[in-house]
Structure formats: C-alpha cells, structure tokens
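What follows is each chain in one-letter form.
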Amino acid sequence: MTLLTIDDPSPAQAEGAGLWRLGFRPFYLLAAAFAALAVPLWMASYYGALRLPAVGLLWHLHEMVFGMAIAVVVGFLYTAGRNWTNLWTPRGTPLALLAALWLAGRVAMLVDAGPWAALVDSLFLPLAAWPLWRVMRQAGNKRNYFLVFLLLLLATANVAHHAAALGWAAWSPLLPAQGAIFVIVLMEAVIGVRVLPMFTRNGAPGSNPAVRPKLDKAGLLATVAAGIAWVAGAPAWLSAPLCATAGVLTLWRLAGWQPQRTLKVPLLWILHLSYAWIGVGFLLLAMAALGHTPASAAFHALTVGSMAGLIIGMMCRTSLGHTGRPLKAGSAEVCMFVAIQLAAVARLTAALDSGALRDGAMLLAASAWTVAFALFVVAYAGRLARPRIDGKEG
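As annotated in an unreviewed UniProt entry, the chain carries the name NnrS family protein and is attributed to Pseudoduganella armeniaca.

Undergrad: Could you give an account of the domain arrangement of the chain, naming the residues involved and the relevant values?
TA: Split into domains, the chain comes out as domain 1 (18-171) and domain 2 (172-388). Placing the centre of domain 1 and that of domain 2 at their C-alpha centroids yields a distance of 19 Å. Listed by partner, the interface residues are 45 residues for domain 1 and 40 residues for domain 2. Joining domain 1 to domain 2, the criterion identifies zero salt bridges. Where domain 1 packs against domain 2, one counts 11 residue pairs in polar contact (both at pLDDT 80 or more). Secondary-structure elements contributing two or more residues to the side of domain 1 that touches domain 2 are α1 (24-46), α2 (57-85) and α5 (145-165). If one sorts the elements of the side of domain 1 that touches domain 2 by residue count, α2 sits on top with 13 residues. Here the residues of the side of domain 1 that touches domain 2 are counted per class, giving 37 nonpolar, five polar and three charged.

Undergrad: Give me unusual backbone geometry: which residues, what numbers.
TA: One non-glycine residue with positive phi stands out, namely Asn-86, at about 60°. Along the polypeptide, Asn-86 turns up in the loop between α2 and α3 (92-111). Look at Gln-258: it is not a glycine, yet its phi comes out positive at around 55°. On the secondary structure map, Gln-258 appears in the loop between α8 (236-256) and α9 (266-289). Classification of Gln-258 by relative accessible area gives buried; the value is 17%.

Undergrad: Explain the pattern of salt bridges to me, and be specific about the residues and the numbers.
TA: Tallying each qualifying case throughout the model produces five salt bridges. Between Arg-82 and Glu-393 there is a salt bridge, with its nearest N and O atoms 2.7 Å apart. Of the two residues, Arg-82 is situated in helix α2 and Glu-393 in the segment after α12 (357-385); the sequence distance between them amounts to 311 residues. Grouping residues by exposure puts Arg-82 and Glu-393 together as buried. The residue Arg-383 makes a salt bridge to Glu-333 at a minimum N-O spacing of 3.8 Å. Of this pair, Arg-383 sits in helix α12 while Glu-333 is found in helix α11 (residues 331-352), placing the two residues 50 residues apart along the sequence. Classification of Arg-383 as partly exposed rests on a relative accessible area of 24%. Glu-333 gets classed as buried once you look at its relative accessible area, which sits at 5%. One connected set of salt bridges, linked through shared partners, spans Glu-63, Arg-106 and Asp-121.

Undergrad: Pulling in residues and values, what's your account of α8?
TA: Taking 1.5 Å per residue, 21 residues should reach 30 Å; α8 reaches 30 Å between its end C-alpha atoms and fits that length. Packing partners of the buried residues in α8 comprise α6 (174-203), α7 (213-231) and α9. Of the residues trailing α8, Gln-258 is marked for its positive phi of about 55°.

Undergrad: How would you sum up the nonpolar core? Please name residues and give values.
TA: Counting 131 residues, the largest nonpolar core has Phe-27, Phe-124, Phe-282, Trp-369 and Phe-373 as the members making the most contacts within it. By residue number, the principal contributor to this core is α2, which donates 17 residues. Split by domain, this core shows at least three residues from each of two domains, domain 1 (18-171) and domain 2 (172-388). Non-local contacts of Phe-124, meaning those with residues more than four positions away in its chain, are made with Phe-27, Ile-70, Val-74, Leu-98, Leu-101 and Trp-102.

Undergrad: Tell me what's going on with the environment of Gly-219, and back it up with residues and numbers.
TA: Within the secondary structure, Gly-219 sits in helix α7. For Gly-219, a relative accessible area of 0% puts it in the buried group. For the pair Gly-219 and Leu-249, spaced 30 residues apart in sequence, the C-alpha to C-alpha distance is 5.2 Å. Residues within four places of Gly-219 in sequence aside, it is in contact with Leu-249 and Arg-253.

Undergrad: I'd like a rundown of the environment of Leu-357, residues and numbers included.
TA: Relative to the assigned elements, Leu-357 resides in helix α12. When its relative accessible area of 52% is taken as the criterion, Leu-357 is described as exposed. Sequence separation between Leu-357 and Ala-346 is 11 residues, and the spatial gap between their C-alpha atoms is 9.6 Å.

Undergrad: Give a description of α7 that names residues and reports values.
TA: In a regular helix each residue adds 1.5 Å, so 19 residues correspond to 27 Å; α7 covers 27 Å between its end C-alpha atoms and thus fits that length. Taken together, the buried positions of α7 are Leu-215, Asp-216, Gly-219, Leu-220, Ala-222, Thr-223, Ala-226, Gly-227, Ala-229 and Trp-230. Its buried side turned inward, α7 meets α6, α8, α9 and α10 (295-322). Looking one or two places after α7, you find Gly-233, whose phi comes out positive at around 70°.

Undergrad: Quick one: what's the story with the side chain of Thr-262, residue by residue and with numbers?
TA: With respect to the helices, strands and loops of the structure, Thr-262 is situated in the loop between α8 and α9. The class of Thr-262 is buried, set by a relative accessible area of 1%. Of note is the side chain of Thr-262, whose polar atom sits 2.7 Å from the backbone oxygen of Pro-259. Beyond its immediate chain neighbours, meaning those up to four positions away, Thr-262 contacts Thr-200, Ala-204, Leu-268, Trp-269 and His-272.

Cut-off values and rules
Residues numbered from 1 in each chain as written. Predicted model: local features only at pLDDT ≥ 70, side-chain atom pairs only at ≥ 80, totals over all residues. Heavy atoms only, no water. Domains from an automatic or database assignment. Contact = heavy atoms within 4.5 Å. Salt bridge = Lys/Arg side-chain N within 4 Å of Asp/Glu carboxyl O. Polar contact = N/O pair within 3.5 Å; in protein donor to acceptor, adjacent residues only side chain to side chain. Helix = DSSP H or I, 4+ residues; strand = E, 2+ residues; numbered from the N terminus. Nonpolar A, V, L, I, M, F, W, Y, C, P; charged D, E, K, R; others polar. Buried < 20%, exposed > 50% of the residue type's maximum accessible area, 1.4 Å probe, protein only. Expected span 1.5 Å × (residues − 1). Core = buried A, V, L, I, M, F, W, Y, C linked by side-chain atoms within 4.5 Å.

Right, here's the structure in full:
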C-alpha cells in the first residue's frame, strides 16, 4: 500500500464550496499564505523596521513549525486518510471549523503570547488528530496508526513549548520545538520511503529505483535515535555518531532511488533534492554536536531545505492530482521549486557566516521563501477553491 494515491476513483458526491471538500484544500492554501506573510513580518521585526511585542525568535520558531508546517501535515493526512480508509475525513462545516481554529491560533499568537493564546493554539492538534484516528480505527487501518501517534506527540511538544515560554517549566522552549522538527522530519522520511521510489519509477523514463527494506528500516531507526539523542542532550560522543549515521543512511537510501533520472521532471527533482537536505541536516547536526558548526545551520537545513522543499513539492503534486489536473509542472511550479532551494542555500549561508555575508543572505533567503509561497497562493488559490475539473469528489 502506498502512502498516497493521487487519483480518487469514487464518483462526485461532495456538496458545497470546493474549498471545503477535502483537507488539503484549505490547509495548503492557509499554510502557504501564512508562510508568505510570516517570514517578512519576522524579518521586519528582526531588523527593527516593525515593533510587535509578540514577534520574536520564539514566535518565529513556533509559527513556522506548529503553525505553517502543521497545517500542511494535517491537510496531507486528511487527504491521504480518505484514500487509505475510503471513509471521509473532515469536510464541509467540520473542516471549516478546524481551519478557523488554526487561524485563530495564528492570530492569538501574533497579538498575545500569553496563556490565552497558548490555550487557543494548543487546541488545534488534538482536535485535528481525533477524526483521523476515528476513520483509521473504523477502517482497521493499523498500518498508519503511528501517524496519529506522531500528531499527538507534536501536540505534546507544542504544550511543552508554551509551558517553557510562559515560564511554567524549567526546560528551554527551544527543545520542544526542535523535537517537533525531528517528528516532522521522521514523517518526511517515512513518506519518502513509501512513495519516492514509486513516483520516480512511474514518472522518470528509464529509472529503476532500488527498494531496500533493510536499509530503509536502518535509516529510519537512526533518524529516530539521532533525534532523541539531540533532544535529550546526549553527550557528543553519542549524539554525533548517531546524527552522522542518520545523515549517511538517508543519502545512501536516496542515491538508490536514482535522483539523477529526475532532472527533467520538476515534480520529482524537487522531492529528491528536498529529501537530500534531511541527510545534509543530520550531518550538520553531527558537526554541531562536536562544536564545529552552529546548530542553527543544521536546523535550517532540516526546515527550509527538507521541510519547506517537500511541502512545496507535495503541495503542488497533490493539488494537481486531487483537482483532476495532469501531474505536470509549469513555469510557476518551477519558479517555486527554484526559489525554495535558493532560500535554503541562502539561509544556510547566513547561519554559517557571522560576517559580511550574513545580512544579505538572510534577506535573500526571506525574499526567495516569500516568492515561493506567494506563487503557490497565486497559482493554486482558484484551483483549490473550485471543485475538481473531472467531476470527481474531493
């Protein structure tokens, strides 16, 4: 069973506006719009052009992970869950209410970083996880139960972050956010193992990607172990080898999927290149554990490089397929893909350089990021708001 089947073979039955027919529609659009607004807002605050008390480093970290990325994860899982179970995940009014709750969390975190904002924000993930669990349990889809567990783990990390930020807990608020990044990276790694070889075989002429279950399991276990070691504050002699192993196994696994065969297929090369950033990120984490590079470089490789890259790539792919369109990238998609990779390289440069290059690289990264997500909104808002062009449901 693959993680996500692009085509929905059932007849069109859904009623109401197109935007509320399936989870990817509102959450992809909201996440992209928020990403395009939040980073310029953070940059304006960082450089002193705008004074908003709530917009600081913790706001930026929280909103990129627990705001933007989580919206995409939930939208993707609702869409995939429909295919796995043949049962409806939230649509119509329940989906609109969940989207409104997510949006309320973003507004609350922007205007007030206090307990009420934390409460509003913390409600979204548990309430979003429940309907996914319900349909999986009803369908007996045990293979994917772990994804609901990971959503609840993200919810726990979010509460832990708020507790620390409000001074109610002794740990650093950075640790729960970093833990959440590792959870999302694990989701990316699992999704890649399940679908990237299939996507490559079906979409890249002449390709024959290797499927090696033992290597896949070893790589995923190393990813989990490295993330736990880092968050737990394990000594360098333990965390550095674990992170290095996770990075090497990720890149080794990717090499077997023949990324060189995807260079003429943008919807594929963006996924392969973004997946490679997972390996780069863990190798940088190993160097950071040994004191050779800042941890910020590693985490921006994991977030801007892998997370945002895979988000852009999968949002385009699933949006095209689930609105009944051919899986073919146009000029807008290619611009998005190039821009997000430029953002990743520039942000990594800024993290590694404390001198003259830093400010220019920061502004270039923010600009490229904003262009990528704003282009998605412009290119896909109408498609996501209207019913499928092939008349099918979803």
